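As a plain string of letters, each chain reads:
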Amino acid sequence: MTPVDHARFTVVPAAYVFLQRDGVGGPEVLLQLRQGTGYMDRHWAAAAAGHVERGETAVDAAHREAAEEIGVGDLALEFVTTMHRTRHDLPIDERVDFFFTARSWSGEPRIVEPAKCADLRWVPLDRLDDLTDPVVPHERSVLDSLAVGRAPAAYTTFGFDDAPTA
């Protein structure tokens, strides 16, 4: 086991929105194919996600990101999990992510930022392996829980060795 450095660091918060609907073959999720961002480009990811800005809550950030990235509003957000994750590298890699789903919203989802999004697609939750490009790993762990009909624990971790659970 690697020794843990208990020096203080900055945690970067982000909010994620997985729009969901009932498809012909079962539940579907709206994913975007990232491009031009410098982070996980050519990976499928939540259709709307981004950093929580100073002075806003994770819920506020989820609503803002959905409007900015896919042009939808009035989301009926459902909290899924809070994920603490790390890559054991730079302080910027210490994250706390807030995941939400929504089955109701106003507007038709569309690509609003084409420089950052190569594609927007409804994907059956049980067919994520059929995508030609991978899903962002920490997001995939949440989607896998949703695919089997159970939400992850209220607090989850990703990237830590032998992380304790609550």
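Everything here concerns the structure above.
Notes on the structure in this doc start here.

Reading the values: the criteria
Residues numbered from 1 in each chain as written. Predicted model: local features only at pLDDT ≥ 70, side-chain atom pairs only at ≥ 80, totals over all residues. Heavy atoms only, no water. Helix = DSSP H or I, 4+ residues; strand = E, 2+ residues; numbered from the N terminus. Buried < 20%, exposed > 50% of the residue type's maximum accessible area, 1.4 Å probe, protein only. Contact = heavy atoms within 4.5 Å. Phe/Tyr/Trp six-rings, centres within 6.5 Å; stacked < 30°, edge-to-face > 60°. Core = buried A, V, L, I, M, F, W, Y, C linked by side-chain atoms within 4.5 Å.

**A look at the side chain of T86**
Turning to step 1, where the next piece is worked out: One can find T86 in the loop between strand 5 (77–85) and strand 6 (95–102).
Turning to step 2, where the next piece is worked out: Given a relative accessible area of 6%, T86 falls into the buried group.
Turning to step 3, where the next piece is worked out: If near-sequence neighbours (up to four positions away) are discounted, T86 is found in contact with D93, E94, F158, G159 and F160.

**What about the environment of F158?**
Turning to step 1, where the next piece is worked out: By secondary structure assignment, the location of F158 is in strand 8 (residues 155–158).
Turning to step 2, where the next piece is worked out: Since its relative accessible area comes to 31%, F158 is described here as partly exposed.
Turning to step 3, where the next piece is worked out: As for F158 and P137, which are separated by 21 residues in sequence, their C-alpha atoms are 9.1 Å apart.

**Observations regarding unusual backbone geometry**
Turning to step 1, where the next piece is worked out: You will see that M40, though not glycine, has its phi angle at about 55 degrees, which is positive.
Turning to step 2, where the next piece is worked out: Along the chain, M40 turns up in the loop between strand 2 (26–34) and strand 3 (44–46).
Turning to step 3, where the next piece is worked out: M40 sits in the partly exposed class, given a relative accessible area of 25%.

**Quick notes on the packing of aromatic side chains**
Turning to step 1, where the next piece is worked out: Counted according to the given criterion, the structure contains 4 aromatic pairs.
Turning to step 2, where the next piece is worked out: Summarising the aromatic geometry, the rings of F18 and F99 are spaced 6.0 Å apart at their centres and angled 15 degrees between planes, so their arrangement reads as stacked. Of this pair, F18 sits in strand 1 (residues 12–23) while F99 sits in strand 6; the two residues are 81 residues apart in sequence, bridging distant segments of the chain. Both residues of the pair, F18 and F99, belong to the buried class.
Turning to step 3, where the next piece is worked out: The interplanar angle of 70 degrees and the centroid separation of 6.0 Å between the aromatic rings of F79 and F100 together place this pair among those described as edge-to-face. Residue F79 is found in strand 5, and its partner F100 is found in strand 6; the two are separated by 21 residues along the sequence.
Turning to step 4, where the next piece is worked out: The partly exposed category is assigned to F79, whose relative accessible area is 44%.

**Comments concerning the nonpolar core**
For soluble globular proteins, nonpolar side chains are generally found buried alongside one another.
Turning to step 1, where the next piece is worked out: Within the largest apolar cluster, 20 residues are counted, with the highest numbers of intra-cluster contacts made by F18, L31, F99, L131, V142, L143 and L146.
Turning to step 2, where the next piece is worked out: Listing elements by their share of this core, those giving two or more residues are strand 1, strand 2, strand 3, strand 5 and helix 2 (137–147).
Turning to step 3, where the next piece is worked out: Of all hydrophobic cores here, the second largest spans 18 residues; its members include A47, A62, I70 and L120.

**Comments concerning the side chain of T82**
Turning to step 1, where the next piece is worked out: Mapped onto the fold, T82 is located in strand 5.
Turning to step 2, where the next piece is worked out: Excluding residues within four positions of it along the chain, T82 makes contact with V96, D97, F98, A154, Y155 and T156.

**Details of the environment of V29**
Turning to step 1, where the next piece is worked out: The topology assignment puts V29 in strand 2.
Turning to step 2, where the next piece is worked out: According to the relative accessible area criterion, V29 is buried, its value standing at 0%.
Turning to step 3, where the next piece is worked out: Distance in space between the C-alpha atoms of V29 and L146 is 9.8 Å, their sequence separation being 117 residues.
Turning to step 4, where the next piece is worked out: Discounting residues that sit within four places of it in the chain, V29 has contacts with F18, L19, R121, W122, V123, L125 and L143.

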